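Here is how the chains run, residue by residue.
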Amino acid sequence: MAIFCSHGRVGAAYFDPSNFVLYLLEDTQESLHYDLTIMLLEQASPDIVLTSSKSDDDFIDTARNHLETTSATFQIRPYKEFSATKGKNRLFSLNRLAELPLDHMSLEDSSSVTASASLSRNPYDFMRKRRDETGDPTMKRWNASIRLSNFASTENAPLCISSAGALIDHLVREQAMGDFDDEGIQGLEIRDIEILTLNEIMHINADALISLQVFENENHASVHSEKFKEGLSLYGERRLAQQPSVNDHMQPLGTLNYTKTALGRTLLYSWLLRPSLSLPVIRSRHEAVACFLKPENLIPASAMHNHLKGIKNLSFHIVMLCDTLTELHGATEIDVLKRLLAAVDIPAVKEVGIQVNDVIDWEESNLAERICVRPGIDEELDNKKHLYHGIDSILSNVAHRISGHVPANLAATLNVIYFPQLGFLVCIPSLEWEAGVIPVPDDWTLQFSSDAHVYFKSPEMQDMDAHIGDIHSAIVDIELEIVQKLLEEVQVHGKMIGTVCDICAELDCLLSFAEATKNHDYREPDMVDDNIIEIIAGRHPLQEQVVDVFVPNDTRLAGGVGIDSSCQGEDGIELSSILLCTGANACGKVMRAQFPGVALIQIMAQIGCFVPAEHARLGLVDKSMFIGQIYVGSDCPIVLAATHFHEVFTEQLLNPRCAPITFCHMQVIFCVNEENDSEDDTGGSVISSQLNGIKTGSGEKITYLYKVAEGMSLDSHAGKCAALCGLPHRIVQRAGYVSNLISQHEINKLLDEVMNEKEKEELKAAEEICRRFLAWQLDERDGKSVKDKLAEILGKEDNN
């Protein structure tokens, strides 16, 4: 990634080598905290980040501090590398922009001009010929500028364009270091350019992605491995399949990830990183999922997904996939299917399949682990392969002939072998040769040795090297030429194939959503223009997979509702922008299921998936908020929070009757088992329960109902929870008394308390214990065990 920030505006470019796409971020106003930069670094996860020496100092500090927590390299490059003019020239030179296909008429004109120019010595004819062969540089530049205008504004985005230029220069340098046949920018493979449209995606920072478990990487079991696997998360859990096949040992299973293709998995990851803010796009995806889930479409949808699994054999499975589409009911208006049918050229796909299968020997390719060519394609290749495959008999014959001209003890252990890289060699056991048991002829030259054998070149070996020594390399070279020619023929349809593969990746994701919906009982959300969240019987998509019973809950919120504004839901209930849970104590696990569940439902809906709820009416959420960014009034965001600080909800601080806040609490029941309690007909204790102001008793047992109820909890029940955990009753009582003083702002009353003699003695004893403990040198135990030493410090050595 190259990123340039100047005077509070930022532009960037980054290259993804997995799909050969160059992404551009046009010049955008940054925030004071550089939130946009941090989000971009988190989502792109670049290995190398370049910036200009004239970038804002605070920006450089922010980027450096963020990248120190990753394995990325941060480089500050000279300002001259970040030039808008240079960046524009670099972009114009990209084949993706400069190379435009010529029409048939220009090709005919070109051939005639070339033929006549080859017989002329006129310099103008020569230049015309060269232009026809390599292209007119001026025209190429014009074409590139026209195409670039479709992606980015070269005049209004100087930071973006200069970053793109610096990035391209870096990629060319990296390519030159690893490629002896360097072609410069023309050899740089960039298949597409995409603009990052920030107003069309939800912004989710890394902390939110981790805490919500959208993605969660688990470290490898071995401490010596840096690898990781995807843990239980929205993206999916990678684990061994029940019955893994030979070619598919690891299957991505889990919450949403049922994709069959690598492109599908990559696209799903991208969707989860950047959920859509386009209602037409979201609704289009929901329509596709709903179509695949119709009872009459379950079988063809499953067949389509299986065909995607074999998409590497494009010619066969794409044809089968298109045939299966015709079996779907109500699919004529599904956008992704219409685009697929429009993009696929069935005759061309079949032609490509025939071409490839006629040339490639798949069985031999699997054995050789490289692309091999079928017999009958090239006579010279067939002859060389015939010779190569019969080389074992040749080696045996040569070894037998050499054995007749060497001592008998050497002939008994002699062997002739062939290494593709080294040629033909005579091989004898190394132990016998080192011991001098086997003398070798003087005209043999030692090449190298191993623990078991010693290898020599003899005159016979040199003669074989000269005639057939490079046979393996010759075979590979001929096959590469044939495959390259085949590739050039297939590349005629390259754009169509690339488009089809991209649409298939999208189809893979949508079929995966349908599979997840079937497996987890999801429902289609109602997406609306209003800034609202109404969820009926919502569930946490991850928590429900790891518990026996999950209790669903409702959530109703609306953004922008302040003190002077109001909003009503579908059922007429008054909505607010803030949902605040006030207890009871130890309900954290319930809150971790309820509140993140709402966020995950929103993310799932905006990537086009169905959601875990009986009903959901959702507006669009554009970002996860950072600390210190909570707006007020009509800009108030939707907030979900939890607290036990009940003392702030008073008329003097935050009056719960006037504040635009929806209060809720988690329902609990206390079971009272006292002798005076009545019993039911079965002899069991009657359970007395109350949501607020619960009756207390010596035999109480708290039960969490995992149900959200309206209203504020005035008691966190912390004392009861502490007593249930074994704390002495007098300590719990004292804590309750002090807590009550704090809530009443009367803590100063504690200053008037006087300790009695017993309390003074206890405090003195406790102080002595502390002093003895602090004086203890942990490496000196006076021959005592740790347990005995602690007993001595506590003054209990006689009590064992």
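Residues numbered from 1 in each chain as written. Predicted model: local features only at pLDDT ≥ 70, side-chain atom pairs only at ≥ 80, totals over all residues. Heavy atoms only, no water.

Looking up the chain in an unreviewed UniProt entry gives the name DNA mismatch repair proteins mutS family domain-containing protein, with the organism given as Leucocoprinus birnbaumii. Of the comments in the UniProt record for the chain, the one headed Sequence similarities (unreviewed entry) reads "Belongs to the DNA mismatch repair MutS family." (UniProt positions renumbered as here; feature names shortened; annotations may be inferred.)

Colleague: I'm lost on the overall build of the chain in this one. Help?
Modeller: Tallying secondary structure elements over the chain gives 28 helices and 24 strands in all. The 800 residues of the chain split such that 40% are buried. Of all intrachain contacts in the chain linking residues separated by at least 6 positions in sequence, the fraction that spans at least 24 positions is 66%. (Helix = DSSP H or I, 4+ residues; strand = E, 2+ residues; numbered from the N terminus. Buried < 20%, exposed > 50% of the residue type's maximum accessible area, 1.4 Å probe, protein only. Contact = heavy atoms within 4.5 Å.)

Colleague: What should I look at first to understand the packing of aromatic side chains in this one?
Modeller: Geometrically, a pair of aromatic rings is defined through the distance of the ring centres and the angle of the planes. By the definition in use, this model includes 15 aromatic pairs. Geometrically, the ring pair formed by Tyr 235 and Tyr 269 is edge-to-face, given 5.4 Å between the ring centres and 90° between the ring planes. One end of the pair, Tyr 235, is in the loop between strand S8 (228-230) and strand S9 (237-245); the other, Tyr 269, is in helix H10 (residues 262-273), and 34 residues separate them in sequence. An angle of 25° between the planes, with centres 4.6 Å apart, marks the rings of Phe 448 and Tyr 455 as stacked. Classification of Phe 448 by relative accessible area gives partly exposed; the value is 31%. Judged by relative accessible area, which is 10%, Tyr 455 ranks as buried. (Phe/Tyr/Trp six-rings, centres within 6.5 Å; stacked < 30°, edge-to-face > 60°.)

Colleague: Looking at this structure, how should I read the pattern of salt bridges?
Modeller: Side chains that differ in charge, positive against negative, can pair when their charged atoms come close. The final tally for this structure, using the stated rule, is 23 salt bridges. Note that Glu 189 and Arg 191 form a salt bridge whose closest N and O atoms lie 2.9 Å from each other. As a salt-bridge pair, Glu 515 and Lys 518 come within 3.5 Å of each other at their nearest N and O atoms. In this pair, Glu 515 and Lys 518 are both assigned in helix H23 (residues 494-520), three residues apart and thus about one turn of the helix distant. The class of Glu 515 is partly exposed, set by a relative accessible area of 26%. Lys 518 sits in the partly exposed class, given a relative accessible area of 44%. (Salt bridge = Lys/Arg side-chain N within 4 Å of Asp/Glu carboxyl O.)

Colleague: Could you clarify how one ought to interpret the pairing of strand S11 (residues 415-419) in this entry?
Modeller: Each regular strand displays side chains that alternate between the two surfaces of the sheet. Relative to strand S12 (residues 423-429), S11 is paired through five bridges, and the arrangement is antiparallel. Note that in S12 the partner of Ile 417 across the bridge is Leu 425. Here S11 folds back onto S12 in antiparallel fashion, the turn holding three residues. (Pairing = 2+ DSSP bridges.)

Colleague: Is there a simple way to think about the sheet that holds strand S14 (residues 453-457) in this case?
Modeller: Across a sheet, paired strands are connected by hydrogen bonds in the backbone, their directions being either parallel or antiparallel. If you walk across this open sheet you meet the four strands as S11-S12-S14-S13, and the pairing is antiparallel. Single-partner strands in this sheet number two, and they are S11 and strand S13 (445-449). Between one strand axis and the next, the sheet turns by 40° as a mean value, whatever way the strands run. Sheet strands touched by helix H18 (residues 391-403): S11 and S12. Its angle to S11, the strand with the most contacts, is close to 140°. (Axes fitted to C-alpha atoms, helices over the stretch in contact; angles between N-to-C directions.)

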